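What the coordinates show
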Amino acid sequence: MLKTLLFAVCNTVLAASCAMAAITSSGDVFPDPATIGTFDDLTIGATGSGSVTVDGASTLVHRDTIFGEAASASGFLEVVGAGSVWDPAYVRLGFEGTGELQVRDGGVVEANGMEVGSQPGGHGTVLVTGAGSILRGSAMWVGDDGVGEVLVENGGQIDNFFQTNIGYDPGGVGTAIVDGAGSRWDSGSDLIVALDGDGELTVRNGAVITSSGGSIGFYFDTTGIVTIDGAGSTWTNDRGLFVGGAGHGTLNVLAGATVTSRYGIVGDGVGEELVDTVLVDGTGSVWTMTEELTVGDGSAGRLVIRNGGAVVVGESVLINAAGVGGAVELDNGVLTAASVLTRPADLLGTGTVHTNGWLFTGNHSFDSVAELPTMLTLDDEPGQNVAAHLDW
């Protein structure tokens, strides 16, 4: 049975001008969204299938929401059009069943917190599409204990005041894509991909993400992958970026994309067997840090710079300083830093280093104060041909 609440908003001057605002529901939805109180909870798909539409510049306000409560259940909600607002307190999207949320064409969602793929077996999906469409809230868990998927496209936006997690708990799997110029995801606190589950984030075609700090592959037995792809695609961190904690992390910066952070660590875990990797590939692809970069801190880390890609570090680069297996591989790439601390065996390939102070590589060093040679070539290792310049 279709339940409909209609609000007629008519122009008193031009009687022919009349807009209709509607909140409609069908199927397994309780209570009726047309009469729900602001302190009531809403279930969309308790044991069956249910759907809700918020459009026509209408507003739906209530407390918590569960989508797809039972394993066999499914729930769907869409917020469509400028002025249409859904304002729940907390959302569990795909509790043990499936849940889907769409925010389109200027619709707005305001939620204090949202689990996308809430419980084991649950599957949640979110689509935010179109200029002016925004999902705003305090925190978000994509792949909490279940499977979560998020797509932000065509100028849509997600704005989390606090932390964003993609792959949160053991067994949780989160996937997120931010696609296209004008599309963005802002996290007021840390953005963590693979906290205690597995997670993957792709930012492409000029999309933007921002966060206070970033971490990829946080706890043991997790796998996190972040790919920033294409000119104009950016990830901006106010603090540090950690690629690989106790878990396995991979960061790809491709085809003119950029990543910035205050400092960076590649291989930050203890006892992790896999090698954490950052790949900066292609002309215009840049990872920039204002402070220090460590490659191979508590676990093995690998930084690959190739095909005109660049890494720029305001202070020191420490490569395998802890002796746990850190390495930088150049393939026509450029590393620029105030100073570099490494061994010949850990700075490999063919490329260029620009530095402004000390460079230690076994028996090689130069120093602007002592006026030692301003250029040297590292070619002691097989396949190694690194031109180091004291000019930055």
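Residues numbered from 1 in each chain as written. Predicted model: local features only at pLDDT ≥ 70, side-chain atom pairs only at ≥ 80, totals over all residues. Heavy atoms only, no water.

This part covers the overall build of the protein chain. Across its full length, the protein chain holds zero helices and 39 strands. Burial analysis of the protein chain (392 residues in total) assigns 54% to the buried set. Across the protein chain, the fraction of contacts at a sequence separation of at least 24, relative to all contacts at a separation of at least 6, is 68%. For the protein chain, the exposed surface amounts to about 15,000 Å²; the carbon and sulfur share of it is 54%. (Helix = DSSP H or I, 4+ residues; strand = E, 2+ residues; numbered from the N terminus. Buried < 20%, exposed > 50% of the residue type's maximum accessible area, 1.4 Å probe, protein only. Contact = heavy atoms within 4.5 Å. Areas by Shrake-Rupley, 256 points an atom, 1.4 Å probe, with all protein chains shown as cover.)

What follows concerns the pattern of salt bridges. Counted by the stated rule, this structure contains 11 salt bridges. Note that Arg136 is salt-bridged to Glu110, the shortest N-O span being 2.4 Å. A residue pair is termed long-range when its members are at least 10 positions apart, and Arg136 in strand β14 (residues 134-142) and Glu110 in strand β12 (residues 108-116) qualify at 26 residues. A salt bridge links Arg204 to Asp179; its shortest N-O distance comes to 3.5 Å. Of the two residues, Arg204 is situated in strand β21 (residues 198-204) and Asp179 in strand β18 (residues 173-179); the sequence distance between them amounts to 25 residues. Judged by its relative accessible area of 30%, Arg204 falls in the partly exposed class. Looking at Asp179, the relative accessible area reads 18%, which means it is buried. (Salt bridge = Lys/Arg side-chain N within 4 Å of Asp/Glu carboxyl O.)

Next up on the list: the side chain of Asp159. Looking at the secondary structure, you find Asp159 in strand β16 (residues 157-160). Of the buried charged residues, Asp159 lacks a salt bridge, with Arg136 as the closest side chain of opposite charge at 4.3 Å. Every residue in contact with Asp159, bar those within four places of it in the chain, is listed here: Ile134, Leu135, Arg136, Gly137 and Asp186. (Lys, Arg positive; Asp, Glu negative; His and termini not counted.)

With that settled, the discussion passes to the pairing of strand β35 (residues 326-342). Pairing geometry for strand β33 (residues 301-306) and β35, over six bridges, is parallel. Residue pairing for β35: Arg302 is matched across the bridge by Ala327. Pairing of strand β34 (residues 310-319) with β35 involves seven bridges; the strand directions are parallel. Looking at the pairing, Leu318 lines up with Leu341 of β35. Across nine bridges, β35 lies against strand β36 (residues 347-355) in parallel orientation. Among the inter-strand pairings, Leu335 is bridged to a residue of β36, identified as Val353. (Pairing = 2+ DSSP bridges.)

Now for empty space enclosed by the protein. One pass over the structure, following the stated rule, counts two cavities of 30 Å³ or more. If you trace the largest cavity, you find it lined by Ala111, Asn112, Gly113, Met114, Leu135, Arg136, Gly137, Ala139, Met140 and Asn160. Where the lining of the largest cavity is concerned, the elements lending two or more residues are β12 and β14. In terms of residues, the lining of the largest cavity owes the most to one element, β14, which gives five residues. (1 Å grid on protein atoms, 1.4 Å probe; cavity = no way out; pocket = protein on both sides within 12 Å on 5 of 7 lines; lining within 4 Å. Points joined across faces, edges and corners; volume = space filled by probe spheres on them.)

What follows is about the environment of Ser316. Note on placement: Ser316 falls in strand β34. A C-alpha to C-alpha distance of 6.4 Å links Ser316 and Leu293, two positions 23 residues apart in sequence. Side-chain polar atoms of Ser316 contact the side chain of Ser339, separated by 2.8 Å. (Polar contact = N/O pair within 3.5 Å; in protein donor to acceptor, adjacent residues only side chain to side chain.)

Chain-level statistics for the protein chain give a pLDDT mean of 90 and a share of 89% at 70 or above. Here residues 1-20 scores under 50 on pLDDT; set against residues more than four positions off or in separate chains, the count is 33 contacts. (pLDDT = per-residue confidence, 0-100.)

With that settled, consider unusual backbone geometry. Looking along the chain, the bond that leaves Phe30 and enters Pro31 is cis, with omega of -10°. Position of Pro31 among the secondary structure elements: in the loop between β3 (29-30) and β4 (42-44). Here Asn320, not a glycine, exhibits a phi torsion of approximately 60°, which is positive. Position of Asn320 relative to the elements: it lies in the loop between β34 and β35. Backbone geometry at Asn332 places phi at a positive 60°, although glycine is not the residue there. Assignment of secondary structure puts Asn332 in strand β35.

Let us look at the pairing of strand β38 (residues 375-378). Residues Leu376 and Leu378 line the buried face of β38, whereas the alternating positions Met375 and Thr377 sit on a face that is not buried. Pairing between β38 and strand β39 (residues 385-390): four bridges, direction antiparallel. Within β39, the residue paired with Leu376 across the bridge is Ala388. Count of turn residues in the β38/β39 antiparallel hairpin: six residues, of which Gly383 carries a positive phi of about 75°.

With that settled, consider the packing of aromatic side chains. Within this structure, the stated rule accounts for five aromatic pairs. Aromatic side chains Phe67 and Trp86 sit 6.0 Å apart centroid to centroid with 75° between the ring planes, which places their arrangement in the edge-to-face category. With Phe67 in strand β7 (residues 65-67) and Trp86 in strand β9 (residues 85-87), this residue pair connects regions lying 19 residues apart in the sequence. Judged by its relative accessible area of 0%, Phe67 falls in the buried class. Their ring planes at 75° and their centres at 6.3 Å tell us that Trp141 and Tyr168 sit as a pair that is edge-to-face. With a gap of 27 residues between them, Trp141 in strand β14 and Tyr168 in the loop between β17 (164-166) and β18 connect regions that are remote in the sequence. In this structure Tyr168 comes out as partly exposed when scored by relative accessible area, which is 24%. Aromatic rings pair up to connect Tyr90, Trp141 and Tyr168 into one cluster. (Phe/Tyr/Trp six-rings, centres within 6.5 Å; stacked < 30°, edge-to-face > 60°.)

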